[in-house]
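Each chain is listed here by its residues.
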Amino acid sequence: MIAGLALLAFLAWSWWQSRLPGSYDVTSYGEIDDGGAQPAAHEHFGVAALTGPKGKPDYSLTLTAEKAPVRLASGQEVNAWTFDGSAPGPEIRVRRGDLVQVTLLNKDIGDGVTVHWHGLDVPNAEDGVAGVTQNAVEEGDRYVYRFRPEQVGTFWYHTHQDASQGVKQGLFGALVVEPRKKSRGLDLALPVHTFSGHTAIGTHDDVWRRAVPAGTPVRLRLINTDSSVARFRTSGMASVVAIDGASITPTSLLPDEVLEIGAGGRYDVAFRMPNGVASVSVVNSKAALALSPDGTGTPPVTGSGPVFDPGARTNGYTGYAQAKFDRTFDLTISKKVGFLNGRPGRHWALNGKLYPRVPMFEVAKGDLVRIDLNNDSGSVHPMHLHGHHFVVLTRNGKAVSPWSTDTLLMLPHEKYSVAFRASNPGLWMLHCHNLQHAADGLTMHVMYAGVTTPYRAGKSAHNDPE
Ligand code: C2O
Ligand code: CU
């Protein structure tokens, strides 16, 4: 009887304390994990001051978020949330070192909207996370982003307010940073997205044919904007030349080799246009791109070979294998029975804790940081860190050929060690890019010692990053 009452009281207390307040500071929850470093002497500094450079922009653009119907190539029409009336939104192509200025206008997205520059290590106040680095932009309002990209490669942009809804509905686009000296040939950014059940490359939900003269250098930038793994088959002598916006030593694909890109991830493939068909098809969908000299080519039927494994190739990274780490963190993803914001169930847990009482990893500028990730679950989790990129060191305890990534695809029960240099002060998200998982609590933060945010997450603050 007393035990029963005690259990009931415990359940009631667990339920009560799991409920999120109307608005809250994300840094005031959870337990600070210092990764084994001595507490660093630090000054307090605010997120809002960590803005991009001033001055006259080299590239400026206004993006208007609005609801609009989008017509896919097959004729299928879908109701989308768009940037400038199209989904994907306009492709942003800038040059390394350009001062980029993007003004976001929200016409009629009642949920609010932001823009996050996925994979670009922008200053913290430009990172576009509602309730962390800014307030969500309400209908009729605007926000100006400014940054100077120093990375060259394939990125993308997307809303980070209620992202699990907004990105699915179409609030995203491709972002390419070119070197100062542009290379010749055909260069296509190919965001892959599933609109109301129709998978499309750009807006092509069927075979997209293009005429390309033989001998043309071609670079295709595959971007997975969905919340699940995307698999691709290629034909026509392709090499993988970059992963998540970082070049690797070009590696030719084996016959029938499959490219498997986690949610949020990007692979660039490059080749010289052959005399026949060069193609890339999204596995389990009708979407494909077929290049051929006369523009009538059809992707060949290919088998399903091994999956391209960057860890088994030479990527040209020496990594941090011999390094001494200033901080080392453990991060275990599992499921746990409990209450998530008052909802009972089996929820995602980080180091055994449910959101928002998850760990916060504290770092200091200049630290070399290692995270030992453990996917103790039967699901796939593409783990994305904002503002930094990881170098992958080991998988399941074995050294791999290191590669650089901002969105690490973790298969069920995999373990990885990754390292990054803490070189971009601020308050940064670390979350699963299966955005539904993130909305269900698979999200946390990496904070620089002393950082504070004036923004609040929560319903009444109208800020919901995930
Ligand atoms: Cu692509 Cu936190 O996002
Ligand atoms: Cu996940």
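Residues numbered from 1 in each chain as written. Chains lettered and ligands numbered in written order. Predicted model: local features only at pLDDT ≥ 70, side-chain atom pairs only at ≥ 80, totals over all residues. Heavy atoms only, no water.

**Student:** When you look at the pattern of salt bridges in this model, what are you seeing that I'm missing?
**Tutor:** Between side chains of opposite charge, pairing is possible as soon as their charged atoms come close. Counted according to the given criterion, the structure contains 19 salt bridges. Its salt-bridge partner being E91, residue R93 comes within 2.4 Å of it at the nearest N-O pair. Residue R93 is classed as partly exposed on the basis of its relative accessible area, which comes to 22%. On the basis of relative accessible area, E91 is assigned to the partly exposed category, the value being 36%. Across the salt bridge formed by D268 and R219, the nearest N and O atoms sit 2.9 Å from each other. (Salt bridge = Lys/Arg side-chain N within 4 Å of Asp/Glu carboxyl O. Buried < 20%, exposed > 50% of the residue type's maximum accessible area, 1.4 Å probe, protein only.)

**Student:** Looking at this model, I keep getting lost on the environment of P382. Mind explaining?
**Tutor:** Examined against the element boundaries, P382 turns out to sit in strand β26 (residues 381-385). The class for P382 is buried, based on a relative accessible area of 3%. Residues P382 and N434, spaced 52 residues apart in sequence, show a C-alpha to C-alpha distance of 6.7 Å. When neighbours within four sequence positions are excluded, P382 is seen to be in contact with A263, T407, L408, L409, M410, H431, C432, H433 and N434. (Helix = DSSP H or I, 4+ residues; strand = E, 2+ residues; numbered from the N terminus. Contact = heavy atoms within 4.5 Å.)

**Student:** How do you make sense of the coordination of the copper ion (ligand 2) when you look at a structure like this?
**Tutor:** Under perfect tetrahedral coordination by four donors, a metal shows angles of 109.5 degrees; under perfect octahedral coordination by six donors, it shows angles of 90 or 180 degrees. Protein coordination at the copper ion (ligand 2): the donors are H381 (ND1), C432 (SG) and H437 (ND1), at 2.0 to 2.1 Å from the metal. Within one chain, the residues serving as donors to the copper ion (ligand 2) are arranged as H-x50-C-x4-H. Separated by 56 residues along the polypeptide, H381 in strand β26 and H437 in helix α3 (residues 435-439) bring together distant segments of the chain. (Donors = N, O, S within 2.8 Å, 3.2 Å for Na, K, Ca; no water.)

**Student:** So what exactly am I meant to see when it comes to the sheet that holds strand β7 (residues 116-118) here?
**Tutor:** By way of backbone hydrogen bonds, the strands of a sheet pair with one another, either parallel or antiparallel. Judged by pairing direction, the sheet is mixed, and its 4 strands sit side by side in the order β5-β10-β9-β7 without closing on themselves. The sheet terminates laterally at β5 (92-95) and β7, the two strands that pair on one side only. Neighbouring strand axes in the sheet, compared pairwise and without regard to direction, differ in orientation by 25 degrees on average. (Pairing = 2+ DSSP bridges. Axes fitted to C-alpha atoms, helices over the stretch in contact; angles between N-to-C directions.)

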